[in-house]
Amino acid sequence: MEFSEVVKNRYSCKKYSDKKVEKEKLEAILEAGRLAPTAKNLQEQKIYVLETPEMLEKIDDVTPCRYGAPTCLVVAFDKDNVYTYPESDRTSGIEDATIVATHMILAAANEGVDSCWVNFFNPEKLEKELNLPQNEEILMIMDLGYAAEGTKPLPNHDSRKDINETVKYL
Ligand SMILES: Cc1cc2nc3c(=O)[nH]c(=O)nc-3n(C[C@H](O)[C@H](O)[C@H](O)COP(=O)(O)O)c2cc1C
């Protein structure tokens, strides 16, 4: 798909059918995450694929926002392997995990797979539920699947600020 079409077509899907995400499509999505850039090429992302009823229940335990998606990715990062900004405490974990997640959410749109970025959950609770190692922090959950019949983007999807409100040429 044309990149501009991918960007336009992506929307947050809030109702999924039972149709599973095909293995090849899921692999293409994960590969797009693998190819994402990270600070100093540290590649500290950790991606967990959750598809069994037992694992999806763990998502439902922390958020109402799975919306019936048959696949969820949990995007985390290794806090012990991050870049630290000069003269600052800020580290790259969140931003590296974010660009990985962004690559994957756009790759999903390119594959015709619907998605939703979810942050309405307590990350520490999910880290415990999934038994993640102490050094890993969860950024987000990505719902993946196919929209249930009749599901459309919410009105928010067409509501964006004018470019002049967010961009300034200095
Ligand atoms: C960082 C981030 C967190 C979000 N968290 C949630 C969430 O927890 N639950 C949800 O239903 N949608 C969530 N969304 C989806 C947004 O509400 C949605 O992207 C926004 O309203 C624009 O709509 P669109 O994605 O259809 O264009 C999130 C989106 C982003 C980028």
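Note that this is a predicted model, so its numbers are computed, not measured.

Undergrad: Please clarify how the overall build of the protein chain should be interpreted in this entry.
TA: Within the protein chain, the secondary structure is distributed over six helices and four strands. Tracing the protein chain from N to C terminus, the helices and strands come up as α-α-β-α-β-α-β-α-β-α. Each principal axis of the C-alpha distribution contributes one length, and for the protein chain these read about 50 × 50 × 30 Å. For the protein chain, the proportion of its 170 residues judged to be buried stands at 37%. When contacts within the protein chain are restricted to residue pairs at least 6 apart in sequence, long-range pairs at least 24 apart make up 78% of them. Looking at the protein chain as shown, the accessible area adds up to about 10500 Å², and 50% of this sits on carbon and sulfur atoms. Looking at charge distribution, the protein chain has the averaged site of its 21 positive side-chain charges lying 3 Å from that of its 31 negative ones.

Undergrad: Please clarify how helix α4 (residues 93-110) should be interpreted in this entry.
TA: An α-helical segment advances 3.6 residues per turn. Residues three or four places apart therefore align on the same side. Over its 18 residues, α4 runs 26 Å from end to end, which matches the ideal 26 Å to within 8%, given 1.5 Å per residue. Burial in α4 covers these residues: Gly93, Asp96, Ala97, Val100, Ala101, Met104, Ile105, Ala107, Ala108 and Ala109. The inward-facing, buried residues of α4 abut α1 (3-9), α2 (23-34), β1 (45-50), β2 (71-78), β3 (114-118) and β4 (136-145). The positive-phi residue at the C-terminal boundary of α4 is Gly112, with phi of around 80°.

Undergrad: Help me understand the site of the ligand, please; the structure alone is not making it clear to me.
TA: Lining the immediate surroundings of the ligand are 14 residues, of which Ser12, Lys14, Tyr67, His157 and Arg160 lie closest. At 2.6 Å, a side-chain N or O of Ser12 approaches an oxygen atom of the ligand. Expressed as a share of its isolated accessible area of 610 Å², the protein-covered part of the ligand is 72%. A per-class count over the shell around the ligand returns seven nonpolar, four polar and three charged.

Undergrad: Explain unusual backbone geometry here, please?
TA: Across the chain, the bulk of peptide bonds are trans and the bulk of non-glycine residues have phi less than zero. Phi at Lys40 is positive, roughly 55°, even though this residue is not glycine. Tracing the backbone shows Lys40 in the loop between α2 and β1. In this structure Lys40 comes out as exposed when scored by relative accessible area, which is 67%. Phi angles above zero are rare outside glycine, and Gln43 is one such case at about 50°. Within the secondary structure layout, Gln43 lies in the loop between α2 and β1. Since its relative accessible area comes to 41%, Gln43 is described here as partly exposed.

Undergrad: Before we go on, may I ask you to explain the packing of aromatic side chains in this structure?
TA: The description of an aromatic ring pair rests on the distance of the ring centres and on the angle between the ring planes. For the structure shown, the criterion picks out one aromatic pair. With 5.8 Å between their ring centres and 45° between their planes, Tyr83 and Tyr85 make a pair best called tilted. Relative accessible area serves as the criterion here: at 26%, Tyr83 is assigned to the partly exposed category. A cation over an aromatic ring shows up here: Lys19 above the ring of Tyr146, its NZ or CZ 4.1 Å from the ring centre.

Undergrad: Any chance you could explain the pattern of salt bridges here in plain terms?
TA: Close approach of charged atoms allows side chains of opposite charge to pair. As enumerated under the stated definition, the model contains five salt bridges in all. A salt bridge links Lys8 to Glu5, with the shortest nitrogen-to-oxygen separation between them at 3.9 Å. Of the two residues, Lys8 and Glu5 are both situated in helix α1; the distance of three residues between them amounts to about one turn of the helix. What makes Glu5 partly exposed here is its relative accessible area of 34%.

Undergrad: In this structure, what is going on with helix α3 (residues 53-62)? I would like to understand it.
TA: Burial in α3 covers these residues: Leu56, Ile59 and Val62. End-on view of α3: buried residues confined to an arc of 120°, all on one side of the axis. Exposed residues lying more than 90 degrees from the buried face of α3 are Pro53, Glu54 and Glu57. Packing partners of the buried residues in α3 comprise β1, β2, α5 (123-129) and β4.

Thresholds applied
Residues numbered from 1 in each chain as written. Predicted model: local features only at pLDDT ≥ 70, side-chain atom pairs only at ≥ 80, totals over all residues. Heavy atoms only, no water. Helix = DSSP H or I, 4+ residues; strand = E, 2+ residues; numbered from the N terminus. Buried < 20%, exposed > 50% of the residue type's maximum accessible area, 1.4 Å probe, protein only. Contact = heavy atoms within 4.5 Å. Areas by Shrake-Rupley, 256 points an atom, 1.4 Å probe, with all protein chains shown as cover. Lys, Arg positive; Asp, Glu negative; His and termini not counted. Charge placed at Lys NZ, Arg CZ, Asp CG, Glu CD. Expected span 1.5 Å × (residues − 1). Near = heavy atom within 4 Å. Polar contact = N/O pair within 3.5 Å; in protein donor to acceptor, adjacent residues only side chain to side chain. Nonpolar A, V, L, I, M, F, W, Y, C, P; charged D, E, K, R; others polar. Phe/Tyr/Trp six-rings, centres within 6.5 Å; stacked < 30°, edge-to-face > 60°. Lys NZ or Arg CZ within 6 Å of the ring centre and 35° of its normal. Salt bridge = Lys/Arg side-chain N within 4 Å of Asp/Glu carboxyl O. Arc of directions from axis to C-beta.

Function cannot be read off these values alone, since they describe shape.
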